[in-house]
Structures are given as structure tokens and as C-alpha cells.
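Read off the chains here:
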Amino acid sequence: MLSVQRTSRRCFYFHCLIGLFTVALAGDPYIFYDWTVSYMTTSPLGVKQQVIGIEGQFPGPILNVTTNWNVVVNVKNNLKEPFLLTWNGIQQRKNSWQDGVSGTNCPIPAGWNWTYQFQVKDQIGSFFYFPSLNFQRAAGGYGGIIINNRDVIPLPFGTPDGDITLLISDWYIKSHDKLRKHVEDGVGLGVPDGVLFNGLGPYRYDESLVPNGISYEIINVEPGKTYRFRVHNVGISTSLNFRIQNHNLLLVETEGSYTVQQNYANMDIHVGQSFSFLVTMDQNATSDYYIVASSRFVNSSPSARATGVAILHYSNSQGPASGPLPDPPNDFDSYFSMNQARSIRWNVSAGAARPNPQGSFKYGDITVTEVFVILNRPAELINGKWRTTLNGISYLAPATPLKLAQQFNILGVYKLDFPNRLMNRPPKGDTSIINGTYKGFFEIIFQNNDSSVQNYHMDGYAFFVVGMDYGVWTENSRSTYNKWDGVARSTTQVFPGAWTAILVYLDNAGIWNLRAENLDSWYLGQEVYVSVVNPEIEDDTEIPLPGNTIYCGLLSSLQKLRMSEFLSSNGEYIYEAQDQAQRFKFSGAQSVAKPSRTVLVALFIAMLGAFLG
């Protein structure tokens, strides 16, 4: 009897322990990456040049996660200049500390490392990361991001037989340093030297245009199967038209929003944009097929325009691709691309990151609290330097990031006075930002007075693209808005001599970058930050200052203090101490999150042994 009672008690304790262990380990999973950023030598267009690789890869690794996972990325900067990664389209809910732009983070100095830790909260879809400083995106350093649905949220289409990421980009043989200097001197980027597919040059579709010996991308597929192609324009200035010879592109998602499913023969993908297509391998495979990304809206002869070509290879293909490339849209039909963009609609009946349909948030019924008409202008001389402006202001990045200045109440770093409209005054350089009301509803109209397509991105949010047209926006233009199923995304194009209107609900506290994705425009000052503060319960709406924060500018002394404390207790050489300090101090997220579960497992085993011994 005593033995039975002891056994029952042990079983009771065992089940309790299992329950406690399960609760302790419950919550959203963590995934860990260690990335070293360094220079590489490669020849994407047949000429050796220096690029930026991650973990020895160009492009970098794909970050493949699932909704609500916690992502920990330890980045070691082996470049000769400061570095930051930003995560295009990742909303960083309540956590602008991890956004990786100059207004939120001090750069990672050469030879140091820093650990990003963020949660892909309530998001699904296709995104990418890239370097945000010093024109480095022109040298690479980018890679794809996939956020998968949780198992409890079904896809609004059949599960694809495969998932393929294509990073398409305009490409220049000049180094990013030289391109940056050209832009500073008022020299345009000019026509790109080529277009890359996943860091590789074009297939030799025309011997007179493509030199021999260039490596090209091959996508291997099986006949009859359907694949999800995630296509990102990670270039610096050129809109690209994407198409696959003899295959339809069924659009299903863009930047985290499932779309109404429509077939397209081709798709204009502008700088910074991401799309998902389902492509069925329904051809007879008498040969391979061309995958093409060709430049759009470029002032040059058709033969000189940059074109990227990859190969779609069926397993039963009977020969190489041949013949002319599939035709692009007519470049003189200015309305084609705009009408195509207008045709993209939100799938309001599909669940995305949450079980409720996407369209349950009826943005058309919300009262707008503030309107901004943001006018861009081509580069012009301001105080002797070439600068670009938004509403007459060219953003000047302070040495102290805005977010740190706000955290430490440092006055004079920035002004909350960005104008709603172009002011009647000469253009100027300033650190002027938007004071966004928490849970306010902004209407932003981008008016493009430049001669090229401009693209705008907002960190921290997905906004609703509700209208675009040629001409000058007026109050009457609102009658053309789509107030029901305008797609929610983070990057939108604005055609030359035209406007685009977006609506954004400011429910994500933090300081968020609103920028031109065209790298030359952004680098010369076309950006502004939006400060969104909850004045009542700020502590509950933002994640606190990370313990691994790098300090710079007016707060540099805090970094030196941290270093001296480490040196006094360690006494190693200064360079080694700095490097180890970064590993110790700035990799805290990884060293805390991972062992915690190890400790729990060890504790569980020890307790289990005590109970059953």
C-alpha cells in the first residue's frame, strides 16, 4: 500500500513537474543567427569588383522564420567603415531600437559586433534586409526575409511545391564609394551597367550584348508543380519589369498582405518593393525558359538598357533557352505601370498573421487626424552642397540618434516641426521630424516633381495605398480613393509628374523612418522621421532601452565608461578588450535567451532524478 501511495505521489509530482516545465518553456520560439559582414571579390558582370557579403555569401543568407518568432541576429562588422542593417518591412512592434537606421541606432564600428533582437509580431510575407549607411546597399549586403504563417492560419491558396527567392537589382561596376562621391558632386548615377539575379549576371541570350563567361542563376523545377516566387527589387534606383517566358504570374502577396489573386504576364517592381507569385510549370519543356528583369523608365536606347536574365530549367527540358526575350511593356505607355499598380487589391477575406480576415480593419471608416502633402524636388545646391528635399527640407542626420536623444531628454538634437506642406521659403538643411499623435490616422500624399519614378518606404508600419494619378493632387482627388481594399504595404511608387496617397494608423510607438528608397535621393536628404509617443502609458507601449545599446554623439561618454569598466576588470589589450566587450556586452540577447532554456532542462533533469530516485 505504501509503495502504491509513493508511486502515485511520484506520478503526481512528475505530472506537476512536466506542467511547470511546459509552462516555463511556453511562449514564442527563438531563432539565432551569427552573421559576419565582410568584403568579397566577385565578378557579377564579368569584371572583378568588391562587394559586401554576409557569411561569405552574396547575396546574404535568407532569414526564414514564422509569425511571432523571436529573431536574434549577432552581426560582426568586418568592413572598414561603420555598418547597420535595416529590415525592410519588418514592423518592429514597440521596438524601434532594432530598426537599424541612423535615427534609431548608433553605427556598429568596424571590428565590432552588435546583436539585434526583435519579434516578427503579427506579420507574414516577403521582405528583405539591407545596409542603411554610406551608400553600402550599392555594394550588396542584402538578403531575403520569409515570414511563414503559423500552422493554425491557413494559406489562402494551395501549399506550393517549393519556395524560391529572387533578389533582382540594378548594378554598377563602380564601387559604392565612387557612386557615393558622384552623388555628392551632383553627378547622376546614370544607366546601370547591368541587372543581377541573386547576385549573378545575365545568361548570354545575345552574344553581342552579354560577354562570355558570366555566371547566371538557374532555377530548377519539376513539370506540373507550382512554386512560390518571392521577388524583391533590392536595387538602388531602377524600376524593373519582371516576367517569365511563357508562364503566368499569379500575384498572391506583397509586403505582408495577401492580395486578390490575379494573373499577370509581367509585373513592374519598383525599388524596395517585394511580391509573391505562384507560377505553375505547365509548359512542355521543349527547352529552358527565360526569367527576365529589365530596366524601366530609363533614358537610353533599348539595346543599351540593362537586362537581367536567369534560366528556368525543367527537369525534363530538352535544350537551352533560345530566341528573343519575352517582350516588356511599351515604355512610351506611361499609364501601363500606374494602371497595373491600381489593379493590385487587398484580399480582405483572407486571414494573415491573425485568424480574423485582413479586411476587418476598415480603414475607410476612420477619421483622418492630420494631412501631409509631401513634395519632393530633384537635387539642388543648398549651402554649396547637392541636396534633395521633402517639403523644402533636406534631412541632416545628427551624430546622436534621435531615439537616444529622446530617451535621454537631450535638447536641441531635433525639432518637431516638419511642415504639412511646402513652405514659401528657400530650401534648407535641418533635422526636422514629424510629431505623430499616438493612434492618430495620417493621410500622406507624395507629390513627385522629379523626372524619375520615386519610391517611398515607412518603417514600423504597413500603410494603405488608396490612390495615385498624374497631375497635382487636390482636395477633390479624394473622390478617386479606394476606401475598401487598397493594398496594405510598406513601399509605394510615385510616378513622375504624379501623386500617390496613403493612409497610416499610428498605433506603433517609437521613432520611425519615412524615406525615399531610391538610394541617391535618400542619401542626399529625402527622409524624415515620425515620432509616435503615447503620452499616458509610454512605458507600456515601448520596449525599454536595450542593455547592449551602442552610444555615440553626445552620449559617447557612456560608451567610454562602459569600456573603461570592462578594461579595469579584465586588463587585456585595448583592441582585444574592445572586441570582447562588444561580444560580451552587445551579444547579450543571445547569451541570455539561449542558456535560459538549457538551465531549465538541467533543472528539470535534476528534479526528475530526485523525485524518481
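Just so it is clear, the structure is predicted and the values come from calculations on it, not from any experiment.

When its secondary structure is counted, the protein shows nine helices and 32 strands. When burial is assessed residue by residue, the protein has 55% of its 613 residues classed as buried. Contacts spanning at least 24 positions in sequence make up 77% of the contacts within the protein whose residues lie at least 6 apart. Carbon together with sulfur atoms contributes 53% to the accessible area of the protein, which is approximately 25400 Å² in total.

With that settled, consider empty space enclosed by the protein. Over the atoms, a rolling probe the size of a water molecule traces out where space has been left empty. The full count for this structure, using the stated rule, is three cavities of 30 Å³ or more. Volume-wise, the largest cavity comes out at about 70 Å³. Forming the walls of the largest cavity are W97, T104, N105, C106, W114, L404, P546, T549 and I550. Split into classes, the residues belonging to the lining of the largest cavity amount to six nonpolar, three polar and no charged.

Let us now look at the packing of aromatic side chains. Taken as a whole and judged by the stated rule, the model has 33 aromatic pairs. Each ring, one from F157 and one from Y258, has its centre 6.0 Å from the other, and the planes form 85 degrees; the classification is edge-to-face. Taken together, the residues F157 in the loop between strand 8 (143-148) and strand 9 (162-171) and Y258 in strand 15 (residues 257-264) connect sequence positions 101 residues apart. By relative accessible area, which is 10% here, F157 ends up buried. Its relative accessible area of 1% is what places Y258 among the buried residues. With centroids separated by 4.4 Å and ring planes inclined at 20 degrees, the aromatic side chains of Y363 and F464 adopt a geometry described as stacked. Of this pair, Y363 sits in the loop between helix 3 (334-342) and strand 20 (370-382) while F464 sits in strand 27 (residues 463-470), placing them 101 residues apart in sequence. Just as Y363 is buried, F464 falls in that class too. Through a chain of ring-to-ring contacts, the aromatic side chains of Y33, W35, W87, W114, Y116, F118 and Y129 assemble into a single cluster. The side chain of R296 reaches across the aromatic face of F297, ending 4.6 Å from its centre. Positioned over the ring face of W97 is K403, at 5.3 Å from the centre of the ring.

Reading guide: rules and limits
Residues numbered from 1 in each chain as written. Predicted model: local features only at pLDDT ≥ 70, side-chain atom pairs only at ≥ 80, totals over all residues. Heavy atoms only, no water. Helix = DSSP H or I, 4+ residues; strand = E, 2+ residues; numbered from the N terminus. Buried < 20%, exposed > 50% of the residue type's maximum accessible area, 1.4 Å probe, protein only. Contact = heavy atoms within 4.5 Å. Areas by Shrake-Rupley, 256 points an atom, 1.4 Å probe, with all protein chains shown as cover. 1 Å grid on protein atoms, 1.4 Å probe; cavity = no way out; pocket = protein on both sides within 12 Å on 5 of 7 lines; lining within 4 Å. Points joined across faces, edges and corners; volume = space filled by probe spheres on them. Nonpolar A, V, L, I, M, F, W, Y, C, P; charged D, E, K, R; others polar. Phe/Tyr/Trp six-rings, centres within 6.5 Å; stacked < 30°, edge-to-face > 60°. Lys NZ or Arg CZ within 6 Å of the ring centre and 35° of its normal.

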